[in-house]
Amino acid sequence: MEFSLLGPIAVTTGSGELSLGPAKRRSVLALLLLQPNTTVPLEQLIDSLWEDEPPEHARTVVQGHVSRLRATLAEGGAQTYGIELTTHGSAYLLRLPEELIDAHRFGELVTLARPEAAPADAVPLLREALGLWRGPALTGTVTSPPFAAAAHALEERRLTAVEALGRAHGTLGEHEQAAAILYSAAVNHPLREGLIAELMRALFRTGRQSDALEWFHRTRRLLNEELGVDPGERLRGAYEEILRAEAAGGGRKAAQPAAGAHRTGDDSQGAPAFHVKHGPGGPLPAQSTGTADGSDTKGTSTDSPDGARDGARSGSGSGPGSGRAATAPRLLPRAPARFLGREAQLGYLTEVLTDRTTGESPLAVVAGPAGVGKTACAVQWAHLYASAFPDGQLFADLRGFGEGDEAPPAEVLRDFLLALGTPPERVPGSAQAASALFRSLVAERRLLVVLDNARSSAQVRPLLPGGAHCATVVTSRSRLDGLVATDWARPVGLQALGHEEGAALLGAMLGPDRVAEDPAAARELVDLCEGLPLALRAAAAQLTARPRWRLARLAAALRDERRRLALLSAEDTGMAAALRMSVARLSADDARLLRALATSADGHLNASVAAALAGYDQERTQDGLDRLAEMHLVDEEATDVYTISTLTQLFARDERGEGGKGGAEERGAGDEGEGRR
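Reading the values: the criteria
Numbering of residues starts from 1 in every chain and runs along the sequence as written. Per-residue local features are limited, in this predicted model, to residues with pLDDT of at least 70; the limit for side-chain atom pairs, both in listing and counting, is 80 or more; totals at the level of whole chains, interfaces and linings are taken over all residues. Note that water and hydrogens are dropped before the side-chain values are worked out from all heavy atoms of the structure. Under the scheme used here, helices are H or I runs from DSSP no shorter than 4 residues and strands are E runs no shorter than 2 residues, and both carry numbers assigned from the N terminus. Buried, partly exposed and exposed residues are distinguished by accessible area as a fraction of the type maximum, computed with a 1.4 Å probe on protein chains only: under 20%, between the cut-offs, and over 50%, respectively. By definition, residues are in contact when any of their heavy atoms lie within 4.5 Å. Residue exposure ignores everything except the shown protein chains as possible cover, and the areas themselves are Shrake-Rupley values with a 1.4 Å probe. Any pair of N or O atoms that falls within 3.5 Å is considered a polar contact. Within protein, one atom must be able to donate a hydrogen and the other to accept it, and sequence-neighbouring residues count only if both atoms are side-chain atoms. Expected span of a helix, by definition, is 1.5 Å for each gap between consecutive residues, and there is one gap fewer than residues. A pair of strands is considered paired only if DSSP assigns at least 2 bridges between the two. Working convention: axes come from line fits to C-alpha atoms, limited for helices to the stretch in contact. Angles between N-to-C directions cover 0 to 180 degrees. With the far helix as reference, a near helix turned anticlockwise by less than a right angle produces a left-handed crossing, and one turned clockwise produces a right-handed crossing. Three classes are used, and their members are as follows: Ala, Val, Leu, Ile, Met, Phe, Trp, Tyr, Cys and Pro are nonpolar, Asp, Glu, Lys and Arg are charged, and the others, Gly among them, are polar. Buried Ala, Val, Leu, Ile, Met, Phe, Trp, Tyr and Cys residues form a nonpolar core when they are joined through side-chain atoms within 4.5 Å. The pairing test for Phe, Tyr and Trp rings, Trp by its six-membered ring, is centres within 6.5 Å, and the orientation test on the planes gives stacked under 30 degrees, edge-to-face over 60, and tilted for anything in between. Whenever Lys or Arg places a side-chain nitrogen within 4 Å of a carboxyl oxygen from Asp or Glu, that contact is recorded as a salt bridge. For classification, angles of less than 35 degrees are called roughly parallel, those exceeding 145 degrees roughly antiparallel, those between 65 and 115 degrees roughly perpendicular, and all remaining angles oblique.

S.K.: Lay out the overall build of the chain with the relevant residues and their values.
M.R.: Across its full length, the chain holds 28 helices and 18 strands. Within the chain, the fraction of its 677 residues that count as buried is 52%. In the chain, 73% of the contacts between residues at least 6 apart in sequence involve partners at least 24 apart. Summed over its atoms, the accessible surface of the chain is roughly 28600 Å², and 50% of this surface lies on carbon and sulfur atoms.

The following block contains the structure:
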């Protein structure tokens, strides 16, 4: 006979599982099993079974459940196993060999394991211990605070065992196994800093430093949004350890290709190889023949922009970047999945950022409305041309449009300086001094800096490198006209996808056959999503979760404007959340003007109509329209001709954004997934 607490409450014998009856009876058994061979007072049972005031006949109910449990155990042959449920005055005692309880066996196995001292022995012990779990602890008991606390305590023990198993694999050098084990636990417990810290180290030691750093930034945002706190010492320590190790070129075990795996491109640079084709906007990175828009970059590099060939030599050639490739920081997030199109914009980025004829550090600003794919475009280009910057690629989310405060320049500069190998004690405390040190360190390097999600030009300026061999890409929902004026930034505007590109993105996400069976519905979906990649990806997620739905069914549902924003959301990302972050940065006057514009029947209006709708004078209205256009919340199609998109109208009509609660809960969503603005 075996008793299970690590999952659904159960009693199993050689002939099968015993029928335990209703939840309160299972709860009585669970409480007795949590305190085996110990008398449990009747009052404790009553307090645990009823969260509110117990009924007058509570004692009788508990006595009845104990009586039925005693009979059930007897029928299962309890006496044979030395099991006895007895009454001691107003208390009960379940006497049994404790090794019959799965939670007891779990504890013994974990105690025997010594992940650091004897990792080879610890791995099978911990795997056996974790194998006893069949689901959330104490499943099937009543939902009262005592049982919730007991389940939480057991779950804490399980997570401690998971962390120990990860450390054991890490001690053995089995970092891939460690990362796989820690990952699933981290997904389910995103605020457990010790677990995330161990996962970050494991990912880094497999060569996945971008993923490791992305976990830190994701957890930092969650801690700020949900608890209002900064990362603790363990999480911050892991982050700084990775930055220092990456800068020093040590401390990690590079990921080894699996047997039979085929590697292409420039392995020495850690970046994908690419072909270059030429078009009207200059050199364009050629897309592969797959459905992914540039995410498949396999091939042999036959040509490259200025410096790319030198970068592919691992710093062995002459020039300012030589000799540094082996220790260069690689902080880019992972390349965007299923990226499509944008050839003209990618080509213009290449023309601007690889131009060595001006003697200046090139700067590009990728701007556009929420959901249009600015981060994806910038990161895609950065991955394609990483080898043109052999001294490294730096990346920072400036949090200009997010729930919490924007990233202060001093914080970003500290991360950059640590990544470049500056000892922590030598990082200046002021942003001005840190900015000067940063420019000095990179003055002669070939370095790419990607500054994502900027709010203002003032936030960006201290982070700009000064060397002519460095290049910077900034993404923002604002045009950042200040950078254009003072730093000769080249604007790269992103617009919505057309019908063909939008349908291709749906095909890349869902499979071409599913889109091809109803091209008219695919075209309508692109229209209803206004060609925004984020909206199209959210729509594809809805269809992926509903494989029996035809495209026409989702299109019909999206025609209902009351449901559209909710349907264009997918868990923690979506159009409502993205728009919320843009509107949150508006002044009260501009937010009121936007709500007034949302009442326009067709979304087309001029300054006079806008003034009438908002109740503002002409000058105040014109200034507000200019600011909304700068933020890409309205579009100035021609002189004094403004349009507001339907999705923006739907959101602005409800300033609380309730349309997005279907899956985008109060978080600053990116344009193409988390952080993809």
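S.K.: Give a detailed account of the side chain of Arg 220, specifying residues and quantitative values.
M.R.: Note on placement: Arg 220 falls in helix 9 (residues 209-227). A polar side-chain atom of Arg 220 sits 2.7 Å from a polar atom in the side chain of Glu 411. In contact with Arg 220, other than residues within four places in its own chain, are Pro 231, Arg 399 and Glu 411.

S.K.: I'd like to hear about helix 9, residue by residue, with values.
M.R.: Its 19 residues place the ends of helix 9 26 Å apart at the C-alpha level, agreeing with the 27 Å of an ideal helix rising 1.5 Å per residue. Taken residue by residue, helix 9 has Gln 209, Ser 210, Ala 212, Leu 213, Trp 215, Phe 216, His 217, Thr 219, Arg 220, Arg 221, Leu 222 and Leu 223 as its buried positions. The elements touched by buried residues of helix 9 are helix 7 (175-188), helix 8 (193-205), helix 10 (233-248), strand 10 (393-397) and helix 14 (409-419). Backbone geometry just after helix 9 places Gly 228 at a positive phi near 70°.

S.K.: Run through the sheet that holds strand 4 (residues 40-41), naming residues and quoting values.
M.R.: To summarise the sheet geometry, strands pair through backbone hydrogen bonds and adopt either a parallel or an antiparallel arrangement. Within the open sheet, the 3 strands sit side by side as 4-6-5. Their pairing is antiparallel. Single-partner strands in this sheet number two, and they are strand 4 and strand 5 (84-88). Of the pairings in the sheet, the one linking strand 5 to strand 6 (residues 91-95) comprises 5 bridges and is antiparallel in character. By the bridge assignment for strand 6, Glu 84 is matched with Arg 95. The strands touched by helix 1 (residues 23-34) are strand 4, strand 5 and strand 6; relative to strand 6, the strand with the most contacts, the crossing angle is about 70°.

S.K.: Now, about unusual backbone geometry: what can you tell me, with residues and values included?
M.R.: In this structure, Asn 37 is a non-glycine residue whose phi angle is positive, near 60°. As for its position among the elements, Asn 37 is in the loop between helix 1 and strand 4. Taking the relative accessible area as the measure of exposure, Asn 37 reaches 34% and is therefore partly exposed. In this structure, Arg 342 takes a positive phi of about 65° despite not being glycine. Tracing the chain through its elements places Arg 342 in the loop between helix 11 (308-311) and helix 12 (343-353).

S.K.: Can you break down the packing of helix 7 against helix 8 residue by residue, with the values?
M.R.: Contact geometry for helix 7 and helix 8: axes closest at 8 Å, N-to-C directions at 145°. Regarding helix 7 and helix 8, the two cross each other, and that crossing is left-handed. On the side of helix 7, the interface is formed by His 175, Ala 178, Ala 179, Leu 182, Tyr 183, Ala 185 and Ala 186, while helix 8 contributes Leu 195, Ile 196, Glu 198, Leu 199, Ala 202, Leu 203 and Arg 205. Among the residues forming the contact of helix 7 with helix 8, the class breakdown is 11 nonpolar, 1 polar and 2 charged.

S.K.: Summarise the environment of Gly 493; cite the residues concerned and give the values.
M.R.: As for its placement among the helices and strands, Gly 493 is situated in strand 13 (residues 490-493). For Gly 493, a relative accessible area of 37% translates into the label partly exposed. A sequence separation of 128 residues divides Gly 493 from Val 365, and the C-alpha atoms of the two residues are 8.1 Å apart. Those residues in contact with Gly 493 that lie beyond four places of it in its chain are Gln 345 and Ala 367.

S.K.: Give me helix 21 (residues 533-545): which residues, what numbers.
M.R.: Helix length check: helix 21, at 13 residues, gives a terminal C-alpha distance of 18 Å against a target of 18 Å (1.5 Å per residue), a fit within 8%. Burial of helix 21 is extensive: 10 of the 13 residues sit out of reach of the surface. Every buried residue of helix 21 is listed here: Pro 533, Leu 534, Ala 535, Leu 536, Arg 537, Ala 538, Ala 539, Ala 540, Gln 542 and Leu 543.

S.K.: Which residues make up the nonpolar core, and what values go with them?
M.R.: Grouped together as the largest cluster of nonpolar side chains are 200 residues, with contacts concentrated most on Phe 3, Leu 138, Met 200 and Leu 451. The leading source of residues in this core is helix 6 (residues 145-171), at 10 residues.

S.K.: Can you lay out the packing of aromatic side chains for me, pointing to particular residues and giving the numbers?
M.R.: Counted according to the given criterion, the structure contains 6 aromatic pairs. With centroids separated by 5.8 Å and ring planes inclined at 90°, the aromatic side chains of Tyr 183 and Trp 215 adopt a geometry described as edge-to-face. Of this pair, Tyr 183 sits in helix 7 while Trp 215 sits in helix 9, placing them 32 residues apart in sequence. Tyr 183 sits in the partly exposed class, given a relative accessible area of 41%.

S.K.: Break down the pattern of salt bridges for me, with residues and values.
M.R.: Scanning the entire structure with this criterion turns up 26 salt bridges. Ionic pairing is found between Glu 241 and Arg 205, a salt bridge with its closest N-O pair at 3.7 Å. One end of the pair, Glu 241, is in helix 10; the other, Arg 205, is in helix 8, with 36 residues separating them in the sequence. Here Arg 221 ties to Asp 397 by a salt bridge, and the two come within 3.4 Å at their closest N and O atoms. Residue Arg 221 is found in helix 9, and its partner Asp 397 is found in strand 10; the two are separated by 176 residues along the sequence.

S.K.: Residue-level account of the packing of helix 26 (residues 607-614) against helix 27 (residues 618-630), with values.
M.R.: Interaxial distance between helix 26 and helix 27 falls to 9 Å at its minimum, and their mutual angle equals 105°. In terms of axis orientation, helix 26 runs roughly perpendicular to helix 27. On helix 27, the residues that touch Ala 607, Ser 608, Ala 610 and Ala 611 of helix 26 are Gln 618, Thr 621, Gln 622 and Leu 625. Taken together, the residues of the contact of helix 26 with helix 27 break down into 4 nonpolar, 4 polar and no charged.

S.K.: Just give me the short version of the environment of Leu 49, but keep the residues and values in it.
M.R.: Within the secondary structure layout, Leu 49 lies in helix 2 (residues 42-49). When its relative accessible area of 4% is taken as the criterion, Leu 49 is described as buried.

S.K.: Can you explain the pairing of strand 11 (residues 448-454)? Please cite residues and give values.
M.R.: Most of strand 11 sits inside the fold, with 7 of its 7 residues counted as buried. Pairing geometry for strand 10 and strand 11, over 5 bridges, is parallel. Opposite Asp 397, over in strand 11, you have Asp 452 as the bridge partner. Relative to strand 12 (residues 471-476), strand 11 is paired through 5 bridges, and the arrangement is parallel. Each residue of the ladder has a partner; that of Ala 454, found in strand 12, is Ser 476.

S.K.: Please set out the sheet that holds strand 16 (residues 604-605) residue by residue, giving values where relevant.
M.R.: Sheet architecture is open: 3 strands sit in the order 16-18-17, paired in antiparallel fashion. Strands with a single pairing partner mark the edges of an open sheet, and in this sheet they are strand 16 and strand 17 (635-638). Where strand 16 lies against strand 18 (residues 641-643), 2 bridges are found, and the strand directions are antiparallel. Within the sheet, the bridge partner assigned to Leu 605 lies in strand 18 and is Tyr 642.

S.K.: Tell me about the environment of Ser 457, residues and numbers included.
M.R.: For Ser 457, the location among the structural elements is in helix 16 (residues 457-460). Counting along the chain gives 19 residues from Ser 457 to Ser 476, while the straight-line C-alpha distance between them is 9.8 Å. Contact partners of Ser 457, with chain neighbours within four places excluded, come to Leu 480, Gly 482 and Leu 483. A polar contact is formed between the side chain of Ser 457 and the backbone nitrogen of Leu 483, at a distance of 3.1 Å.

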